[in-house]
Amino acid sequence: MKRTNYCGLFSEKDVGGEACACGWVETKRDMGGVIFIDLVDREGTLQVVFNPMLTDKATFALAERVRNQSVLLTRGIIALRDEETINPKIATGTVELRVREAELLSPCDDLPFNPADADDVNEELRLRYRFLDLRRPILRNNIRFRHRIVSSIRRFMDEQGFVDVETPMLTKSTPEGARDYLVPSRVHPGSFYALPQSPQIFKQLLMVSGFDRYYQIARCFRDEDLRADRQPEFTQLDLEMSFVEQEDVLLLLEELFSYLMQDVMNITLKRPFRRLAWQEAMDTYGSDKPDLRFGLPIVDITSYASTSSFTVFKKAAEEGGVVRAITVPGKADFTRATIEHLTEFAISQGAGGMAWIAWRPDGEVYSILSKFISQENMDELLRLVGAKPGDFVLFSADKLNVSRRVTGALRLKLGDMLALRDSSKYAFCMITDCPMFEYREEDRRWVAQHHPFTMPYEEDFPYLLSDPARVRSQSYDVVLNGTELGSGSIRIHRSDIQKKVFEALGLEEDEINSRFGFLLNAFRYGAPPHGGFAFGLDRLVMLLAGEDSLRDVIAFPKIRDASCLLTDAPSLVDPAQLAVLGIQLEKGSDAAQTIDKTSSSPKRKTPVFNLAELEAQTRLSLTQDEERLVHHRLTQLIDLAENMQTVDTEGVPMTISPSDEKGVYLTPETIPGASRDQLLFNTAETRDGFIVVPPVVE
RNA sequence: GGCGCAGUAGUUCAGUUGGUUAGAAUGCCAGCCUGUCACGCUGGAGGUCGUGGGUUCGAGUCCCAUCUGCGUCGCCA
């Protein structure tokens, strides 16, 4: 084919030279006597010109009828454009290919949509024709940007001495956490593999094996409902290090993200990254993944409130709750409608109501609170929340958890309203000292907030069983712009502590052994202290590419119900496939009925036998006509057998012959024999007029 | 599973208090055009208004149900 360069990479250096360019027809401008085509490939656009003076007749005719998005090969001379015909909009705008001959490599059918002009096309349609969608530069650039991030990560990890190790996809179900995707085993009917939710256990085993530093860009699977930022299969950068403490891992992460941001975004991050203890994040930002691109910190005024004459505040403080405030600088001019809107929003988040103060620039204090508290107390309150004239202050008085949620949500809402969430800013931070356990009301037991292999702080060991709530874990999250990128922890490498944690989680000995026995067992043979981290690659790419949906950074994403519009997966399978796995569909389920219908219908599309295989097995070679006939007969037989199955034979009396005749003979009849050639006509192989019989044992 | 939004030509959309033959742009087809670059000009084809019911003399428009897609809550150690 001898393509000389990508369309988008031709330049003035090529002028005068013979060139061959291949690509997709993006637009065609047919002037009658001269035709311009914008030929496009992954690197950009090149104008190719068809002019009867230079182009041969057949090629010109081809250019006249070629349609958009067809694939074209063009040969000719790269020429400099006249000054007044230069196109500054494309990189190759000063040159053009003057075509001598061209070849239509692949014509394009009627398009469901034109990828050259499809930024607003319905996403469902685009996903059905994802291969066309991926021709759109924005999507192609996202996927290539993703590639650059991945290569950058690999380069960094390699430089840091990490070893890339693949871990199994067919693995063991670990019921803690999200729902697993299960894969039935054919060899062990009734047993199932699980697709990994993460390579967690394997990477810890690799540490026991002495690999010291492991990483993997690993596919993970979680069978939970989708969101814009959540796909059922997703990719993580997974890493683990031996002989490290929390600080070592955090420094490495800081290094990694700084390297990445420099390399792919050309942004130098400020170091060290901001670090917040979990409790601090929850109290100051109302979130364990605070958006630090803007201020608006939450201020606690509970001790002030306990002495307040405003009953709502006083009551909240007295009943063990908290009173918190957010000061919005310069927004004393919020309209009543805005304040009403904020109040409704707070209530939707679980608040009982929302007190507020608008401190006018002229010093007037406008608030319902004025009725309940003295001027003196008001001054004190305004001082505590750090307000100045012209500021707006809003309050939350509630139980701790409710107040954290409400103030956190309000803070983000204000950030959006005031356009403080600047998309060109990248605020990384690290959250440490998370609680080890979380009480789950519906299960009435403690569950691990991170995962059960996380090492608690040594000074909290004594409370593991007596007071799980106060146990903090050596775990950490990396947060970017209010999104949790990933999390990690120092792991437990001693089986005695691990057992205690399992105990705190209420796991029985048997259960522990069947689920994690192999890990605990491994720890008995010399396990180094170790810790690691994992973060969602898709999410990082999404954030850095400025997209709102993971679907825009994954080549072939799934939709909301976890199906794939392109391939139509998941789909029903042949009953025979299920039978091999020993799986029976629930009687009366939609799937079972659909399969029943398709399999008993004579119009079934996929035959349950493979004729070619049968031919090979029986060593018959059939003509096309015979093949058709055999196929038809076999299908009839199978249908007959299937229909017989559906016949209700219950209670049918035994058939009794009324005839006494026995030993009825057929009259012998001589039919002229076939010739030898006729007899041998269908044999697979003949030699010297005999059938070749292959040896029984081959 | 709950709540919200959307579905009209191949595509993107308009369509008034329910009222004649449902429009535009773009794409497609045919014709013209030798320097365009979102080329231009002339003409043409293209619609079960997601689907099914209902109200009405009359439904794209109102009501009910349903399907599909998106967002969100539940869920996601």
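This text follows the structure it describes.
What counts and how
- Residues numbered from 1 in each chain as written.
- Chains lettered and ligands numbered in written order.
- Predicted model: local features only at pLDDT ≥ 70, side-chain atom pairs only at ≥ 80, totals over all residues.
- Heavy atoms only, no water.
- Salt bridge = Lys/Arg side-chain N within 4 Å of Asp/Glu carboxyl O.
- Buried < 20%, exposed > 50% of the residue type's maximum accessible area, 1.4 Å probe, protein only.
- Helix = DSSP H or I, 4+ residues; strand = E, 2+ residues; numbered from the N terminus.
- Pairing = 2+ DSSP bridges.
- Axes fitted to C-alpha atoms, helices over the stretch in contact; angles between N-to-C directions.
- Contact = heavy atoms within 4.5 Å.
- Patch = residues over 30% accessible without salt bridge, like charges linked within 9 Å, V, L, I, M, F, W, Y side chains within 5 Å.
- Areas by Shrake-Rupley, 256 points an atom, 1.4 Å probe, with all protein chains shown as cover.
- Lys, Arg positive; Asp, Glu negative; His and termini not counted.
- Charge placed at Lys NZ, Arg CZ, Asp CG, Glu CD.
- Phe/Tyr/Trp six-rings, centres within 6.5 Å; stacked < 30°, edge-to-face > 60°.
- Lys NZ or Arg CZ within 6 Å of the ring centre and 35° of its normal.
- Near = heavy atom within 4 Å.
- Polar contact = N/O pair within 3.5 Å; in protein donor to acceptor, adjacent residues only side chain to side chain.
- Nonpolar A, V, L, I, M, F, W, Y, C, P; charged D, E, K, R; others polar.
- Core = buried A, V, L, I, M, F, W, Y, C linked by side-chain atoms within 4.5 Å.
- Parallel < 35°, antiparallel > 145°, perpendicular 65-115°, else oblique.
- Left-handed = near helix turned anticlockwise from the far one by under 90°.

Describe the pattern of salt bridges, and please don't skip the residues or the numbers.
According to the stated counting rule, one finds 40 salt bridges in the structure shown. Between Arg29 and Asp38 there is a salt bridge whose closest N-O contact spans 3.0 Å. For Arg29, a relative accessible area of 31% corresponds to the partly exposed category. Residue classification places Asp38 among the buried residues on the basis of a relative accessible area of 13%. For Arg219, the salt bridge is made with Glu233, and the minimal N-O distance between the two is 2.7 Å. Of this pair, Arg219 sits in strand 9 (residues 213-221) while Glu233 sits in strand 10 (residues 233-242), and the two are 14 residues apart along the sequence. Taking the relative accessible area as the measure of exposure, Glu233 reaches 24% and is therefore partly exposed. Beyond isolated ion pairs, a larger network of salt bridges with shared partners links Asp119, Arg126, Arg130, Asp133 and Arg136.

Explain the pairing of strand 4 (residues 71-80) to me, using residue names and the numbers behind them.
Judged by how many residues are buried, strand 4 sits mostly within the fold: 7 of 10 residues are covered. As defined by bridge partners, strand 1 (residues 18-30) adjoins strand 4 across 7 bridges and the pair is classed as antiparallel. From the neighbouring strand, Cys20 faces strand 4, where its bridge partner is Arg75. Here 10 bridges tie strand 4 to strand 5 (residues 95-106), and the two strands are oriented antiparallel to one another. Considered in strand 5, the bridge of Arg75 is made with Glu101.

Outline the sheet that holds strand 14 (residues 356-359), listing residues and values.
Hydrogen bonds between backbone groups are what pair the strands of a sheet, and the pairing can be parallel or antiparallel. Strand order in the open sheet formed by 5 strands is 12-13-16-14-15, and the pairing between neighbours is antiparallel. Lying at the two open borders of the sheet, with one neighbouring strand each, are strand 12 (298-300) and strand 15 (365-367). Across this sheet, the average inter-strand angle for adjacent strands is 25°, counted without regard to direction. Relative to strand 15, strand 14 is paired through 3 bridges, and the arrangement is antiparallel. Across the sheet, residue Ile357 finds its bridge partner in strand 15, namely Ser367. On top of the sheet, helix 9 (residues 311-318) reaches strand 13 (322-328) and strand 16 (392-398); it is set at about 45° to strand 16, its chief contact.

Tell me about the environment of Gly177, and please be specific about residues and values.
By the secondary structure assignment, Gly177 is in the loop between strand 6 (163-164) and strand 7 (182-184). Judged by relative accessible area, Gly177 falls into the exposed class, the value being 68%. As for Gly177 and Val447, which are separated by 270 residues in sequence, their C-alpha atoms are 9.2 Å apart.

Help me get a handle on a negative patch on the surface, residues and values and all.
Together, Glu503, Glu508, Glu509 and Asp510 line one region of the surface with negative charge. Within the secondary structure layout, Asp510 lies in helix 15 (residues 509-523).

Describe the sheet that holds strand 5, listing the residues and the values that go with them.
Taken in spatial order, the 5 strands line up as 1-2-3-5-4 and close into a barrel, and their pairing is mixed. Across the sheet, the axes of successive neighbouring strands diverge by a mean angle of 55°, strand direction being ignored. Contacts from helix 1 (residues 57-65) reach strand 1, strand 2 (35-41), strand 3 (44-50), strand 4 and strand 5 within the one sheet, and its direction differs from that of strand 5 by about 80°.

Outline unusual backbone geometry, listing residues and values.
Trans is the prevailing form of peptide bonds, just as negative phi is the prevailing case for residues other than glycine. Of the consecutive residues Arg271 and Pro272, the connecting peptide bond is found in the cis state with omega at 0°. Counting through the fold element by element, Pro272 comes out in the loop between helix 6 (246-265) and strand 11 (274-277). Put simply, Ala569 and Pro570 share a cis peptide bond, and its omega is -5°. Structurally, Pro570 is set in the loop between helix 16 (537-545) and helix 17 (575-581). Of note, Leu296 is a non-glycine position whose phi angle comes to about 50°, a positive value. With respect to the secondary-structure elements, Leu296 resides in the loop between helix 7 (278-285) and strand 12.

Residue-level account of the packing of aromatic side chains, with values.
Throughout the structure, instances matching the rule amount to 17 aromatic pairs. Taking the centre distance of 5.0 Å and the plane angle of 75° together, the rings of Phe334 and Phe392 count as edge-to-face. Separated by 58 residues along the polypeptide, Phe334 in the loop between strand 13 and helix 10 (336-348) and Phe392 in strand 16 bring together distant segments of the chain. Across the pair, exposure class does not vary: Phe334 and Phe392 are buried alike. With a centroid separation of 5.2 Å and 70° between ring planes, the pair formed by Tyr439 and Trp446 is classed as edge-to-face. The partly exposed category is assigned to Trp446, whose relative accessible area is 24%. Three or more aromatic residues joined by ring pairs form one cluster here, namely Phe257, Phe273, Phe428, Tyr476, Phe533 and Phe535. For the cation-ring pair, Lys413 lies above Phe345, with the distance from its terminal atom to the ring centre recorded as 4.8 Å. One cation-aromatic arrangement involves Arg470 over Tyr463; the distance from NZ or CZ to the ring centre is 3.8 Å.

Just give me the short version of the protein's contact with RNA strand B, but keep the residues and values in it.
Taken together, 44 residues lie near RNA strand B, and Thr85, Glu224, Gln449, His450 and Arg560 sit nearest. A breakdown of the atoms of RNA strand B within 4 Å of the protein gives sugar and phosphate a share of 51%. Arg227 places a polar side-chain atom, nitrogen or oxygen, 2.9 Å from a base nitrogen of RNA strand B. Counting only elements with at least two residues in the surface near RNA strand B, the list comes to strand 1 and helix 2 (123-128). It is strand 1 that contributes the most residues to the surface near RNA strand B, 3 residues altogether. Along the lines of polarity and charge, the residues of the surface near RNA strand B split into 13 nonpolar, 13 polar and 18 charged.

Give me the lowdown on the nonpolar core, citing residues and values where you can.
One finds Ile149, Leu239, Leu253, Phe257, Phe428 and Phe535 to be the most contacted residues of the largest nonpolar core, which totals 65 residues. When residues in this core are grouped by element, the largest group, 9 residues, is from helix 6. The residues touching Phe535, leaving out its near neighbours within four places in the chain, are Ile153, Thr235, Gln236, Leu237, Leu256, Phe257, Leu485, Gly486 and Leu540. Counting 22 residues, the second-largest nonpolar core is a separate cluster that includes Phe345, Trp356, Val402 and Leu410.

Tell me what's going on with the packing of helix 4 (residues 137-159) against helix 16, and back it up with residues and numbers.
Closest axis-to-axis distance for the helix 4/helix 16 pair is 10 Å, and the angle between their directions is 120°. Between helix 4 and helix 16, the angle is such that the two are oblique. In the crossing of helix 4 with helix 16, the sense of the turn from one axis to the other is right-handed. For the pair helix 4 and helix 16, contact is made by Asn142, Phe145, Arg146, Ile149, Val150 and Ile153 and by Leu537, Asp538, Leu540, Val541, Leu544 and Ala545, respectively.

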